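Structure assessment
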Amino acid sequence: MTSRTGFFLLSAALLLVSLICIGEGVQLIATGKPLGIGLGVCAFVIPAIGVWFLRQTMRFGRASERLAKELEAEGGLPVDELRRTAGGRIDRASADEVFARRKAEAEAAPGDWRVFFRLAVAYADAGDTPRARKTMQHAIKLHGSTDPIGSKS
């Protein structure tokens, strides 16, 4: 199963659970009791937070995919130059080498979204997902600030 398929399955599950939660919230509010009303209101807030998170994740995915397509069209996508173990895992020393190079590129060109995109990929290859995501968000922000007004989709 691809990560995209898994994402859509989890999204569908989140939306289904949100609908059930909202239905239960309506029933709790309908009791007219203070505790029921309080729990019913909470039953509306929790799905709203989940849907907000889902929206943010979808926006992040679309934006990073847009950057990847643009970088691919320019011929600037990072090449997979990592050594692998016999089991197919990325060799840690190889990932560290590539990461050091990508970090130096980012420090040399702090305003170029392309180097931060490649640095985010290096973070992901090194297994540091939180930093990969934060770096990709920075690349998206840099890309947005270099676009002419009105060209964002």
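Below is a summary of the structure that appears in this document. (Residues numbered from 1 in each chain as written. Predicted model: local features only at pLDDT ≥ 70, side-chain atom pairs only at ≥ 80, totals over all residues. Heavy atoms only, no water.)

Looking at a positive patch on the surface
Together, Arg55, Arg59, Arg62 and Arg66 give the surface a local cluster of positive charge. With respect to the secondary-structure elements, arginine 66 resides in helix H2 (residues 34-74). On the accessibility criterion, arginine 66 (34% relative accessible area) is partly exposed. (Patch = residues over 30% accessible without salt bridge, like charges linked within 9 Å, V, L, I, M, F, W, Y side chains within 5 Å. Areas by Shrake-Rupley, 256 points an atom, 1.4 Å probe, with all protein chains shown as cover. Salt bridge = Lys/Arg side-chain N within 4 Å of Asp/Glu carboxyl O. Lys, Arg positive; Asp, Glu negative; His and termini not counted. Charge placed at Lys NZ, Arg CZ, Asp CG, Glu CD. Helix = DSSP H or I, 4+ residues; strand = E, 2+ residues; numbered from the N terminus. Buried < 20%, exposed > 50% of the residue type's maximum accessible area, 1.4 Å probe, protein only.)

A few points about the nonpolar core
Counting residues in hydrophobic clusters, the biggest one holds 17 residues, and the most contacted among them are Trp113, Phe116, Phe117, Leu119, Met136 and Ala139. Looking at this core, the elements with two or more residues in it are H2, helix H3 (92-108), helix H4 (113-125) and helix H5 (129-146). In contact with phenylalanine 117, other than residues within four places in its own chain, are Ser64, Leu67, Ala68, Leu71, Leu77, Pro78, Met136 and Ala139. (Core = buried A, V, L, I, M, F, W, Y, C linked by side-chain atoms within 4.5 Å. Contact = heavy atoms within 4.5 Å.)

Focus: the packing of aromatic side chains
Enumeration according to the criterion identifies two aromatic pairs in this entry. Arranged with centres 5.5 Å apart and planes meeting at 70°, the rings of phenylalanine 7 and phenylalanine 8 form a pair that is edge-to-face. Ring centres 4.8 Å apart and planes at 55° place the aromatic pair phenylalanine 99 and tyrosine 123 in the tilted group. Of the two residues, phenylalanine 99 sits in helix H3 while tyrosine 123 sits in helix H4, which places them 24 residues apart along the sequence. One Lys or Arg, arginine 133, reaches over the ring of phenylalanine 60 and ends 4.0 Å from the middle of that ring. (Phe/Tyr/Trp six-rings, centres within 6.5 Å; stacked < 30°, edge-to-face > 60°. Lys NZ or Arg CZ within 6 Å of the ring centre and 35° of its normal.)

Looking at the packing of helix H1 (residues 3-30) against H2
As a packed pair, H1 and H2 sit with axes 8 Å apart at the nearest point and diverge in direction by 160°. Taken together, the axes of H1 and H2 lie roughly antiparallel to each other. With respect to the hand of their crossing, H1 and H2 are arranged in left-handed fashion. Of the residues that constitute the contact of H1 with H2, the class distribution is 17 nonpolar, seven polar and two charged. (Axes fitted to C-alpha atoms, helices over the stretch in contact; angles between N-to-C directions. Parallel < 35°, antiparallel > 145°, perpendicular 65-115°, else oblique. Left-handed = near helix turned anticlockwise from the far one by under 90°. Nonpolar A, V, L, I, M, F, W, Y, C, P; charged D, E, K, R; others polar.)

What to know about the packing of H3 against H4
At a closest axis distance of 9 Å, the pairing of H3 and H4 adopts a crossing angle of 155°. The orientation of H3 with respect to H4, classified from their angle, is roughly antiparallel. As for how H3 packs across H4, the hand of that crossing is left-handed. Together, Ala95, Phe99, Arg102, Lys103, Glu105 and Ala106 of H3 and Val115, Phe116, Arg118, Leu119, Ala122, Tyr123 and Asp125 of H4 make up the contact between the two elements.

Brief notes about the pattern of salt bridges
In total, this model carries 12 salt bridges according to the counting rule given. Linking glutamate 97 and arginine 83 is a salt bridge whose minimum nitrogen-to-oxygen distance equals 3.4 Å. Taken together, the positions of glutamate 97 in helix H3 and arginine 83 in the loop between H2 and H3 put the pair 14 residues apart, joining distant regions of the chain. Arginine 102 is the partner of glutamate 105 in a salt bridge, and the nearest nitrogen-oxygen pair spans 3.4 Å. With glutamate 105 and arginine 102 both in helix H3 and three residues apart, the pair spans about one turn of that helix. Judged by its relative accessible area of 26%, glutamate 105 falls in the partly exposed class. The class for arginine 102 is buried, based on a relative accessible area of 8%. Counted as one network, the salt bridges with shared partners bring together Glu81, Arg101, Arg102 and Glu105.

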